[in-house]
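Inside the fold
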Amino acid sequence: MTIVLTLSLLTLFMLAPIKLGTHVLKIERSGIDVCFVAVIAALAATAFTEMVIGEGVFPTLVALVITSILFSLVFRTTAVAGFVLALLSTAIQFTFALALVALGVVIAYSIS
């Protein structure tokens, strides 16, 4: 049960922001399979920049640029739409994470 819950949360946390971003930007080629490939591409871009450059603000910006290029290729859209999608999906992921932390604080506060 724990594995199913963990995989469900990871899917929600990683696939949903990209799917929502493609819906907001009205990108036609936005099936769940394409979004899954986009997640793998974004993870690969982040891992590559961390291996080559290291951690910090600059590698994060480089990873964002690489991710936007990969998104434009995966979704067959313009570079600007790929960049906006990368920014939008990052913002949605941050909002999801913030909501999960707030939910955890509320639950912890209600238990004690």
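Residues numbered from 1 in each chain as written. Predicted model: local features only at pLDDT ≥ 70, side-chain atom pairs only at ≥ 80, totals over all residues. Heavy atoms only, no water.

**A few points about the side chain of Ser72**
Put simply, the test is: Secondary structure elements are taken from DSSP: a helix is a run of H or I of four residues or more, a strand is a run of E of two residues or more, and numbering for both begins at the N terminus. Only protein chains enter the accessibility calculation, which uses a 1.4 Å probe; a residue whose area is less than 20% of its type maximum is buried, one above 50% is exposed, and one in between is partly exposed.
Inspection of the secondary structure puts Ser72 in helix α3 (residues 57–74). Judged by its relative accessible area of 11%, Ser72 falls in the buried class.

**Side note on the nonpolar core**
Inside soluble globular proteins, nonpolar side chains tend to come together where they are buried. Selection rule: Residue types Ala, Val, Leu, Ile, Met, Phe, Trp, Tyr and Cys, when buried and joined through side-chain atoms within 4.5 Å, form a set referred to as a nonpolar core. Throughout, a residue-residue contact means that at least one pair of heavy atoms, one from each residue, lies within 4.5 Å.
By size, the foremost hydrophobic cluster in this structure holds 14 residues, and its most contacted members are Ile18, Cys35, Ala38, Phe71, Val74, Phe75 and Leu85. When residues in this core are grouped by element, the largest group, 5 residues, is from helix α2 (residues 32–52). Excluding anything up to four places from it in sequence, Phe75 contacts Ile18, Thr22, Ile27, Arg29, Ser30, Val34, Cys35, Ala38 and Leu85.

**Some remarks on the packing of helix α1 (residues 2–24) against α2**
Basically, it comes down to this: Note on geometry: axes are lines fitted to C-alpha atoms, helical ones only across the stretch in contact, with angles between N-to-C directions running from 0 to 180 degrees. In this scheme the crossing of two helices becomes right-handed for a clockwise turn of the near helix relative to the far one and left-handed for an anticlockwise turn of less than a right angle. Under the convention adopted here, Pro, Cys and the residues Ala, Val, Leu, Ile, Met, Phe, Trp and Tyr are nonpolar, Asp, Glu, Lys and Arg are charged, and Gly plus all remaining residues are polar.
Their axes nearest at 9 Å, the elements α1 and α2 cross at an angle of 115 degrees. The hand of the α1/α2 crossing is right-handed. Across from Met14, Leu15, Ile18, Lys19 and Thr22 in α1, the residues of α2 making contact are Ile32, Cys35, Phe36, Ala38, Val39 and Leu43. Residue composition of the contact of α1 with α2, by class: 9 nonpolar, 1 polar and 1 charged.

**Concerning a nonpolar patch on the surface**
Stated precisely, the cut-off is as follows: Without a salt bridge and with relative accessible area above 30%, a residue can belong to a patch; like charges are then joined within 9 Å and nonpolar side chains (Val, Leu, Ile, Met, Phe, Trp, Tyr) within 5 Å. Residue burial considers only the protein chains on display, and all accessible areas are found by Shrake-Rupley using a 1.4 Å probe. The term salt bridge refers to a side-chain nitrogen of Lys or Arg lying within 4 Å of a carboxyl oxygen of Asp or Glu.
Among the surface-exposed residues, Leu5, Leu9, Leu12, Leu100, Leu103, Ile107 and Ile111 lie close enough to one another that they form a single nonpolar patch of about 680 Å² accessible area. Mapped by element, the contributors of at least two residues to the nonpolar patch are α1 and α4 (79–111). Looking at the nonpolar patch element by element, the count peaks at 4 residues for α4. Assignment of secondary structure puts Ile111 in helix α4.

**Considerations on the packing of aromatic side chains**
Applicable threshold: Here a pair means two rings of Phe, Tyr or Trp (six-membered ring of Trp) with centres within 6.5 Å. Their orientation is stacked below 30 degrees between planes, edge-to-face above 60, and tilted elsewhere.
Counting across every chain of the model gives 1 aromatic pair. Judged by centre distance (6.0 Å) and plane angle (80 degrees), the ring pair of Phe71 and Phe75 falls under edge-to-face. For the pair Phe71 and Phe75, one class covers both residues: buried.

**Notes on α4**
The test is simple: Between the first and last residue of a helix there are one fewer steps than residues, each counted as 1.5 Å, and that sum is the expected span.
Across its 33 residues, α4 extends 48 Å between first and last C-alpha, which sits within 8% of the 48 Å expected from 1.5 Å per residue. Taken together, the buried positions of α4 are occupied by Ala81, Gly82, Leu85, Ala86, Ser89 and Ile92. Contacts from the buried residues of α4 go to α1 and α3.

**Here's the deal with the packing of α3 against α4**
Heads up, the rule is: Working definition: roughly parallel below 35 degrees, roughly antiparallel above 145 degrees, roughly perpendicular at 65 to 115 degrees, and oblique for all remaining angles.
Running from N to C, α3 and α4 point in directions that differ by 120 degrees, and their axes come no closer than 7 Å. Taken as axis vectors, α3 and α4 run oblique relative to one another. Handedness of the α3/α4 crossing: right-handed. Along the contact surface, α3 presents Leu64, Thr67, Ser68, Phe71 and Ser72, while α4 presents Ala79, Gly82, Phe83, Leu85, Ala86, Leu87, Ser89 and Thr90. Of the residues contributing to the contact of α3 with α4, the split by class is 7 nonpolar, 6 polar and no charged.

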